[in-house]
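# Observations on the three-dimensional arrangement
Residues per chain, in single letters:
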Amino acid sequence: MTTVKDLPREDYFLSGHTACPGCGGAMVVREVMKVLGPNTVVYMPASCLLIFSDMYPYNAFKVPSLQILFETSAIAAAGVKRALKRLGKDDTTVVAFAGDGGTADIGMQALSGAAERNEDILYVCYDNEAYMNTGIQRSGTTPFGAWTTTTPLGSTSEGQGKNEFKKDVPRILMAHDVPYVATASLGFPADFLKKVDKAKAKKGFRYLHVLAPCPVGWRAESDSTVDLAKLAVETGIFTLLEYEDGVLTLNREPRFTPVREYLKLQGRFKHLSEGQIASIERWVKDKWERDRALAKALGPKPKVPVAIVR
Amino acid sequence: MAAQALAVAASHDGYSAIAFPFFGAERRGAPVLAFTRFGEERLRVRTQVYEPHFVVVLDESLVETVDVLAGLRPGGMVIVNTTRAPDRLVLSKKAKSATVDATTIALKHTKQAAVNTAMLGAFAKATGLITLEGVEAGIMEVFGRRLSKEIADRNVAAARAAYEATRLGEGDSGRVYAKATKWLPTAQELPPGLATPPMETPFGRVGVGSSPSNLTGGWRVNKPVLDGAECTNCLLCWFYCPDGSITRGEKIVEIHYEYCKGCGICAAVCAPKAIHMEREIEEEVKA
């Protein structure tokens, strides 16, 4: 099992990329690539990652990388994998790195299709909770109350940040009954690396949803990326879970630090009213009740004797 | 935004003015371009500015890689954010110059290394074309409307302080730049197909795995400094560094500065506090 100390010195996502200082997405990609190693092909849709890793004539990946369209991450990666298989290179990992917009909104139908066909790819969503590349527009995974340029602050109760709660993409993927769905956070390296390791080893469709704080879009300090990733989990706002071959496990019981601790570090939540904070607290509570019930229902199956067919 | 504020300032002072950025994929801290054009007559030219009368350099480290005087008109002036005196600038040719330590001013007044508004104050002082009142009106209009009045006020204070601190002089010639720093191949030189394979060019490596040709260290304001005696080699900084600027050494980690953007994450995750961030100053202010 990979721990931080076992990671290779070699990078496959190289320095010189043009991500903002303190970019959570760049961290996710760099660490995932360290685990996946040289025998990998990368697909990226339009995203921050594409812009900061592949600015002509430079390219930050040491392995082949490919871009087609925003909505095609899962299907294009699946096509690459099928072609490689045909060429006898089935041992090559094909990974798609997409942002939350390219996953939860624009890439959803291709993602759902590829998951339903159980294509043999690893799909990593680095979730920075808005369309950061184009200038902080709301996405399906933007949390309740967050300011973005398309959920601006106005004078009415309607105009106080996003009115909807975050779309739960891992749960959508679980409904596809794929071999592996997991969420991870940069704040918990051991858990994160364990999940990337597992996802690499498995066959079939694997989905990894990693929270990747964006200091620019979240209006936070550039050195707070890791703290935010930790606090998101410890406040219960982001759940670390794993759905493996039909069994759902909640990986970490959070300390339930008050959500304010997490919100106050971010300028995008600066305007929140007491009522909105109470809504977030209630949402966290409801989510944990639901997830616990789900984990109970989808927990390890008791061993039942197989009926003998006479 | 500062280019826009300058245009508003010029218009406040009775000129007609336009401003616009260079459109690209800018990231926070990356080198960018923006243009302002103003004059007494109605402006009919809408192109980028190729032959400026004034060049404003927001980050001194740019001077090392970009010939900022390229295209500068005779008698033109360069205004640089630096701790140096104007006479101590070494550029590609002799030119009138003005300097101001806008980073210190911006950190003091706005708590951020966003130096653009301070540089507007320096521009007003150095050129004398725009009044300080105009600059204030420009900042209030652009920053006050898009951010908040409080932020605009702080930026006005920064512009005022920079106006007072700006020094005038003449920069020296003698810096030599490579003829071209960009790889601009002709259609014939490009390999067939849609992908760029790894290739060595006179301008460095391009294609797959070539990003190390692109040094991003110049983006930095603060730099991490390691106290080797305190380092426990837990490798968290090495794990988290988004730019791969920390390597594993024999016993402890090593920090490299070619790509470090100064985000400060290594210092934030360091449990024994062996890494701290300090302001990077190329040369102390000479009184």
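Residues numbered from 1 in each chain as written. Chains lettered and ligands numbered in written order. Predicted model: local features only at pLDDT ≥ 70, side-chain atom pairs only at ≥ 80, totals over all residues. Heavy atoms only, no water.

### Describing the overall build of chain A
In terms of regular secondary structure, chain A is built from 10 helices and 8 strands. If one aligns the C-alpha atoms of chain A with their principal axes, the spans along those axes are about 65 × 60 × 40 Å. Sequence separation of at least 24 residues holds for 70% of the intrachain contacts in chain A that already meet a minimum separation of 6. When the accessible surface of chain A is totalled, it reaches about 12700 Å², and 57% of it is carbon and sulfur. Taken as two groups, the 40 positive and 35 negative side-chain charges of chain A have centres that lie 4 Å from each other. (Helix = DSSP H or I, 4+ residues; strand = E, 2+ residues; numbered from the N terminus. Contact = heavy atoms within 4.5 Å. Areas by Shrake-Rupley, 256 points an atom, 1.4 Å probe, with all protein chains shown as cover. Lys, Arg positive; Asp, Glu negative; His and termini not counted. Charge placed at Lys NZ, Arg CZ, Asp CG, Glu CD.)

### Observations concerning the overall build of chain B
In terms of regular secondary structure, chain B is built from 8 helices and 12 strands. In terms of overall dimensions, chain B has a C-alpha envelope of 65 × 55 × 40 Å along the principal axes. When burial is assessed residue by residue, chain B has 42% of its 287 residues classed as buried. In chain B, of all internal contacts separated by at least 6 residues, the share reaching a separation of at least 24 is 58%. Averaged over its 33 positive side-chain charges, chain B has a centre that lies 4 Å from the centre of its 32 negative ones. (Buried < 20%, exposed > 50% of the residue type's maximum accessible area, 1.4 Å probe, protein only.)

### Some thoughts on the sheet that holds strand 7 (residues 241-244) of chain A
All names here are of chain A. The strand order across the open sheet built from 8 strands is 2-1-3-4-6-5-7-8, with neighbouring strands paired in mixed fashion. Edge positions in the sheet fall to strand 2 (65-66) and strand 8 (247-250), since each of these pairs with one other strand and no more. Judged from the 2 bridges that link them, strand 1 (residues 40-43) and strand 2 form a sheet pairing that is parallel. In the strand pairing of strand 2, V42 is matched with S65. (Pairing = 2+ DSSP bridges.)

### Looking at the side chain of K202(A)
Residue and element names in this part refer to chain A. Relative to the elements of secondary structure, K202 occurs in the loop between helix 7 (189-201) and strand 6 (206-211). Among the polar contacts made by the side chain of K202, one reaches the side chain of E244 at a distance of 3.5 Å. Excluding anything up to four places from it in sequence, K202 contacts D120, P179, Y180, E244 and D245. (Polar contact = N/O pair within 3.5 Å; in protein donor to acceptor, adjacent residues only side chain to side chain.)

### Focus on the interface of chain B and chain A
Counting from both sides, the interface comprises 39 residues of chain B and, opposite them, 47 residues of chain A. Interface area lost by chain B to chain A is led by R27(B), R28(B) and F239(B), which between them contribute 22%. Summed over the shared surface of chain B and chain A, the result is 0 salt bridges. In this structure, the connection of chain B to chain A is made through 22 residue pairs in polar contact (both at pLDDT 80 or more). (Buried area = accessible area lost by both parts, 1.4 Å probe. Salt bridge = Lys/Arg side-chain N within 4 Å of Asp/Glu carboxyl O.)

### Focus on the domain arrangement of chain B
Residues and elements named next belong to chain B. Under the domain assignment, chain B is made up of domain 1 (2-171) and domain 2 (217-279). Between domain 1 and domain 2, the C-alpha centre-to-centre distance is 32 Å. If you look at the interface, domain 1 gives 12 residues, while domain 2 gives 4 residues. Both sides together, the interface formed by domain 1 and domain 2 hides about 540 Å², and carbon and sulfur atoms give 56% of it. Counting across the domain 1 and domain 2 interface gives 1 salt bridge. (Domains from an automatic or database assignment.)

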